[in-house]
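Topology and contacts: notes
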Amino acid sequence: MRQHLLTLFTVLSLLPLQSLRALPGPQPAADPEPDSGSVVCPPGVYTTAPDDCVPLGPAQFLTQAAATGIPYPTLPLPSFKPDSALNDIPYHYFKVDDTGTPLYQSLQDAEANHPSQVLAPGFLYVSYQQRVDTDQGVFYLLRSGAWIAGFGARAAVPTFQGLQFSSQPRNPFGWVLGTVKSRTSPGLNGPDSGNTWYRYQVVQIYATQKVDNITWNLVAPNEWIDARYIGRVDPHTDPPQGVTSNRWIEVNLFEQTLSVYDNNQLVFATLVASGAKPFWTRPGVFKIYEKDITTPMSGSTAADKSDYYYLEDVPFTMYFDEKRALHGAYWHNGFGYPRSHGCVNLSIGDSHWLFNWANIGDFVYVYDPSGQTPTDASSYGAGAP
């Protein structure tokens, strides 16, 4: 025993004094472990700080996104493109020179320049079924049977189409109306995100803020777009006041969008071009009272007929308010902006889809959530394309 004690004493005597001082007594508690040595939380949304991990990296990004309205996981719209064959119609269109043109009863009369009547100056489109090149020039045989000289241009029919839905969208969505850059925060002074969005791109809208009297939409994490550059749809499931059916068409004049509901569920939505000032599309609740696969439209509102228009074979026309109708428009691609004389213009494919879906007697609810469109009946005439 003495030999063991002697050995222990010898070992202790050889240790440095500093080590001997560190041996006795309880040790002070260590500082909390810094984040750099902590366990990072798995990707997810953490509404409260967890005890067993640090919500950094992907978890921090997702949590911040959720705080601004972007859910996790982000789900795509339950939508799909309509059949592109809806754009195919058996008509070809020709824009006649604005100064008007003679009409001929036969090709021989056209070559000899013996007109039977004259198409007055104005905004003129005709529907033709044959083009003929002769030594006297180019001539078109119209579907009406008349001939015209080829002074003008063939119309390129726009092919834009909206969206069909397999289930109710979880949040608002819309279409970008032009080339626009997003910002990392709402407001004209927000930093540029570096991303550019283009016309007819579809976006989901996760949050809305108003900064300096301008509304901004959050369309992706840290990407805000001025709401004036988006045609927005806010899905809902209850019929508007005055609609006594679970099936209706809804036209938002402020957003320039059209939504179709069947069994109280959104089944289709798209951009439109409604009446421009002072030829507004009248707000109200209406019903489709006539459907025409194709129809001619012509007329003028000015006393001197300076705004005369003549449009042949306007496709898929559905009248709902006097001469105001939902119909295809082959003469412009300005969907998302007011530009008609009161009708609701759709692309050919969209009007074709709607024509196939709609029945006479279906409700058409037209409204302007901004309140800018007049509601006084004296502000409206019969309407026009």
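In this report, we go over the structure that sits alongside the text. Along each chain, the written sequence defines residue order, and numbers are assigned to residues from 1. Given that the model is predicted, a residue must reach a pLDDT of at least 70 before its local features are reported, and side-chain atom pairs must reach 80 or more before they are shown or counted; all residues, however, enter totals for whole chains, interfaces and linings. Water and hydrogen atoms were dropped before computing side-chain values, which therefore reflect all heavy atoms in the structure.

**Details of the overall build of the protein**
Each helix is a run of H or I in the DSSP string that is no shorter than four residues. Each strand is a run of E no shorter than two, and both are numbered from the N terminus. Counting secondary structure elements, the protein contains 5 helices and 26 strands. Each residue is placed in one exposure class: buried if its accessible area under a 1.4 Å probe, protein chains only, is under 20% of its type's maximum, exposed if it is over 50%, and partly exposed if it falls in between. The buried share among the 385 residues of the protein stands at 44%. Expressed as a percentage of contacts within the protein between residues at least 6 apart in sequence, the contacts between residues at least 24 apart total 63%. By definition in these notes, contact holds between two residues if any of their heavy atoms fall within 4.5 Å.

**A short note on the pattern of salt bridges**
Salt bridge, as used here, is a side-chain nitrogen of Lys or Arg placed within 4 Å of a carboxyl oxygen of Asp or Glu. The final tally for this structure, using the stated rule, is 10 salt bridges. The partner of Arg228 in a salt bridge is Asp226, and the shortest N-O contact between them spans 2.6 Å. Taking the relative accessible area as the measure of exposure, Asp226 reaches 5% and is therefore buried. Bridged by salt links that share partners, the residues Arg282, Asp321, Glu322 and Arg324 form one connected network.

**A few points about the sheet that holds strand β9 (residues 163-165)**
The strand order β1-β9-β20-β19-β18-β26-β21 describes an open sheet built from 7 strands, whose pairing is mixed. Only two strands of the sheet have a single partner each, and these edge strands are β1 (79-80) and β21 (284-287). When DSSP finds two or more bridges between a pair of strands, those strands are recorded as paired. As paired strands, strand β18 (residues 247-252) and strand β26 (residues 363-367) are joined by 5 bridges and run parallel to one another. Considered in β26, the bridge of Trp248 is made with Phe363.

**Describing the packing of aromatic side chains**
Under the pairing criterion, centres of Phe, Tyr and Trp rings, with the six-membered ring standing for Trp, must be within 6.5 Å; the plane angle then separates stacked pairs below 30 degrees from edge-to-face pairs above 60, leaving the rest tilted. Per the stated rule, a full pass over the model turns up 20 aromatic pairs. Between Tyr365 and Tyr367, the ring centres sit 5.0 Å apart and the planes meet at 15°, which makes this aromatic pair stacked. The rule is short: NZ of Lys or CZ of Arg within 6 Å of the ring centre and within 35 degrees of the ring normal puts a charge over the ring. Note that Arg247 overlies the ring of Trp357, its terminal NZ or CZ placed 3.8 Å from the centroid. Seen from the ring of Phe355, Lys291 lies directly overhead, with NZ or CZ sitting 4.3 Å from the centre.

**Some points on the sheet that holds strand β10 (residues 173-176)**
Ordered by their spatial adjacency, 3 strands build an open sheet running β13-β10-β17, and the pairing between neighbours is antiparallel. Across the chains shown, the open sheet's two edge strands, defined by having one partner strand only, are β13 (202-204) and β17 (230-233). Neighbouring strand axes in the sheet, compared pairwise and without regard to direction, differ in orientation by 30° on average. When β10 meets β17, the two strands line up antiparallel, connected through 4 bridges. By the bridge assignment, Val176 is partnered in β17 with Ile230. Angular values range over 0 to 180 degrees, each being the angle between N-to-C directions of two axes fitted as lines to C-alpha atoms, with helices fitted over their stretch in contact.

**Examining unusual backbone geometry**
In this structure, Pro278 follows Lys277 across a cis peptide bond, with omega equal to 0°. Along the polypeptide, Pro278 turns up in the loop between β20 (265-271) and β21. Positive phi, normally seen in glycine, also occurs at Phe316, with a value near 50°. Of note, Phe316 is situated in strand β23 (residues 309-321).

**Thoughts on the environment of Gln168**
Its place among the elements puts Gln168 in the loop between β9 and β10. Once the C-alpha coordinates of Gln168 and Asn264 are considered, the two residues, 96 residues apart in sequence, prove to be 9.5 Å apart. Each residue touching Gln168, except ones within four places of it in the same chain, is listed here: Pro78, Pro235, His236, Thr237, Tyr261, Gln265 and Leu266. At a separation of 3.1 Å, a polar atom in the side chain of Gln168 contacts the main-chain carbonyl oxygen of His236. Here a polar contact is recorded for every N or O atom pair within 3.5 Å, except that within protein the pair must consist of a potential hydrogen donor and a potential acceptor, and residues adjacent in sequence are included only if both atoms are side-chain atoms. Engagement of the side chain of Gln168 in a polar contact is seen with the backbone nitrogen of Leu266, the distance being 2.9 Å.

**Concerning the pairing of strand β14 (residues 207-211)**
Of the pairings in the sheet, the one linking β14 to strand β15 (residues 214-220) comprises 5 bridges and is antiparallel in character. From the neighbouring strand, Val211 faces β15, where its bridge partner is Ile214. In textbook terms, the turn of a hairpin is the stretch between consecutive antiparallel strands, and for β14 and β15 this stretch comprises 2 residues, one of which, Asp212, has a positive phi near 55°.

**With respect to the environment of Gly342**
Along the polypeptide, Gly342 turns up in the loop between β24 (324-328) and β25 (344-346). The exposure class assigned to Gly342 is buried, which follows from its relative accessible area of 0%. Gly342 sits 40 residues away from Ala382 along the chain, and the two C-alpha atoms are 8.5 Å apart. Excluding its chain neighbours within four sequence positions, the residues that come into contact with Gly342 are Gly275, Phe279, Trp280, Thr281, Arg324 and Ala384.

**Some remarks on the environment of Ser106**
Here Ser106 shows up in the loop between β3 (101-103) and α4 (107-112). A distance of 3.1 Å separates a polar side-chain atom of Ser106 from the backbone nitrogen of Asp109.

**Considerations on the nonpolar core**
Among the buried residues, those of types Ala, Val, Leu, Ile, Met, Phe, Trp, Tyr and Cys that are joined through side-chain atoms within 4.5 Å form a nonpolar core. Core analysis: the biggest nonpolar cluster contains 40 residues, and Ile249, Leu258, Val260, Leu326 and Leu354 have the highest contact counts within it. Counting only elements with at least two residues in this core, the list comes to β18, β19 (257-262), β20, β23, β24, β25, α5 (348-357) and β26. The element that contributes the greatest number of residues to this core is β23, accounting for 7 residues. Beyond its immediate sequence surroundings of up to four residues, Leu354 is in contact with Ile249, Leu258, Val260, Met318, Leu326 and Leu346. Within the second largest apolar cluster, 18 residues are counted, among which are Phe173, Leu177, Leu271 and Phe335.

Geometric descriptors of this kind do not, in isolation, establish any biological role.
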